[in-house]
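# Tertiary structure, described
Take a look at the letters that make up each chain.
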Amino acid sequence: MNQFASPPEWASQVDAHDAAPDPAPSQPMLEVSALCRRFAGVAAVEDVGFDVAQGEVTCLLGPSGCGKSTTLRMIAGIERPDSGAVRIGGRAMSDAGGFLPPERRPVGLVFQDFALFPHLDVAANVGFGLQGPARQNRDRIGELLERVGLSGHAAKYPHELSGGEQQRVALIRALAPRPCVMLMDEPFSSLDHRLRDGVRDAALDLLRETETTVLMVTHDPEEAMLMGHRIAVMRKGRLIQEGRPDELYNRPADRGVAAFFSDLNIVSGRVSGGRVQTGLGAFPAPGLAEGSRAEVAIRPQHLVPTDTETGGTPARVERARYLGRESLIEMRLEPGGAAMKSRVPGLILPAPGSLIHVAAQPGSAMVFACDGE
Ligand SMILES: Nc1ncnc2c1ncn2[C@@H]1O[C@H](COP(=O)(O)OP(=O)(O)OP(=O)(O)O)[C@@H](O)[C@H]1O
């Protein structure tokens, strides 16, 4: 049945300015399935699907050009998908049958450049999407301005605000109509990095306090870990892995996802007796075929110097630097010469040329099948 052909009942009901639709308790607030979008025959987004639960923040993370913004724009209705479906609060926003325009979707939008209306003062910016009675709108604007510490700025114009203040106005403008889902595209990236942490924490507090469901695009893995209940990693238009930050960090789907979160030390070898034999020792290789090649990735903070008696692999120090909270030791394994990095807490600076021993912390190694095996 084409639910868009005759005027769909929900299409007149769902509006950013109406009360939020309530999904069933177990139903995700945002459901994205099999979204595809091609530009001039080239796939920008291919078969992307994930859910966001009510009140949760999901970060869409990936390198530049991987399709994050296009995905967000399709959910917002700014971009029309070639195929796939978007549901919010259990109701279709777009699918094979039709497409609801952005102004009819119960979403709030925050972009990198904040996109405030320059000719409207702060109060009018915040109240822009409100459609209730004037008195009710005034109360809502006042409440939100107070919540973000901008009560004294209501009559100012955007150009009279700092970047952090503009960001807060953009955030509460999008929140004011109580959208079901906030869609945020790199909302903090235009802020000076000294300002960013504070603004981000304040935004997160507000979003959590209001139990807002959020999908946020970012290319910064640390920001995704900091903000997201869940992270969805995209690469070349595809969703590679979706899960909690600790799952992505500790059990990445592949080497690419692992590398997104930190430098990696890589050693490889063949699987024998259920373990891959490498220059850093043998590591369990569950699920990998006997005799196949596998590679082992170890994050620098998990490759630690050991006592000679405890064992470990000998390594020749090339460089050691003190970075404040930690020291970074660069070395080459002996034998073999593979370059490795170790990040150790505090001031540990072995002399260049000296021989140390290193080992992976138990359980820290990430083992992947080599491509084509
Ligand atoms: N309107 C368009 N016309 C043609 N190509 C487009 C259009 N919009 C996006 N693309 C292409 O689609 C791909 C994905 O773009 P998208 O902006 O979604 O990536 P992104 O992950 O958000 O990147 P960034 O982090 O740099 O913003 C890119 O190759 C981009 O050049």
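Residues numbered from 1 in each chain as written. Predicted model: local features only at pLDDT ≥ 70, side-chain atom pairs only at ≥ 80, totals over all residues.

Identification of the protein as ABC transporter related protein from Paracoccus denitrificans is taken from an unreviewed UniProt entry.

## What about the nonpolar core?
Judged by nonpolar contacts, the single largest core of 91 residues is most densely connected at Leu60, Val126, Val181, Met182, Leu183, Leu215 and Met216. The biggest single contributor to this core is helix α5 (residues 163-175), with six residues. Two domains each provide a minimum of three residues to this core, namely domain 1 (9-106 + 179-255) and domain 2 (263-369). (Core = buried A, V, L, I, M, F, W, Y, C linked by C-beta atoms within 7 Å. Buried ≥ 20, exposed ≤ 12 C-beta atoms within 10 Å, placed from the backbone. Helix = DSSP H or I, 4+ residues; strand = E, 2+ residues; numbered from the N terminus. Domains from an automatic or database assignment.)

## Description of the site of the ligand
As a matter of local geometry, the ligand sits amid Phe39, Ala44, Gly62, Ser64, Gly65, Cys66, Gly67, Lys68, Ser69, Thr70 and His219. The dominant element in the shell around the ligand, judged by the number of residues it contributes, is helix α2 (residues 68-76), at three residues. Of the residues that constitute the shell around the ligand, the class distribution is three nonpolar, seven polar and one charged. (Near = placed C-beta within 6 Å. Nonpolar A, V, L, I, M, F, W, Y, C, P; charged D, E, K, R; others polar.)

## Description of the sheet that holds strand β20 (residues 355-360)
Strand order in the open sheet formed by five strands is β16-β20-β17-β18-β19, with antiparallel pairing between adjacent strands. Both edges of this open sheet fall to β16 (303-306) and β19 (339-345), since each of them pairs with a single strand only. Within the sheet, the average angular offset between the axes of one strand and its neighbour, ignoring direction, is 50°. Here seven bridges tie strand β17 (residues 313-322) to strand β18 (residues 326-333), and the two strands are oriented antiparallel to one another. (Pairing = 2+ DSSP bridges. Axes fitted to C-alpha atoms, helices over the stretch in contact; angles between N-to-C directions.)

## Some details on the domain arrangement of the protein
Many structure descriptions define interface size as the accessible area lost when the parts assemble. With domains assigned, the protein is organised as domain 1 (9-106 + 179-255) and domain 2 (263-369). Distance from the C-alpha centre of domain 1 to the C-alpha centre of domain 2: 37 Å.

## What about the packing of α5 against helix α6 (residues 193-209)?
It is at 10 Å that the axes of α5 and α6 come closest, and there the two elements cross at 20°. Regarding the angle of α5 to α6, the classification is roughly parallel. For the crossing formed where α5 meets α6, the hand is right-handed. Residue-level inspection shows Gly163, Gly164, Gln167 and Leu171 of α5 in contact with α6, the latter providing Leu195, Val199, Ala203 and Leu206. In terms of residue class, the contact of α5 with α6 is built from five nonpolar, three polar and no charged. (Parallel < 35°, antiparallel > 145°, perpendicular 65-115°, else oblique. Left-handed = near helix turned anticlockwise from the far one by under 90°. Contact = placed C-beta atoms within 7 Å.)

## Comments concerning the sheet that holds strand β11 (residues 238-243)
Pairing is mixed in the open sheet, where six strands are placed in the order β7-β8-β9-β3-β10-β11. Edge strands, defined here as strands with exactly one partner in the open sheet, are β7 (107-110) and β11. Between one strand and the next, the sheet's axes are offset by a mean angle of 15°, whatever the strand orientation. Two elements, β7 and strand β8 (residues 181-185), share four bridges in a ladder whose sense is parallel.

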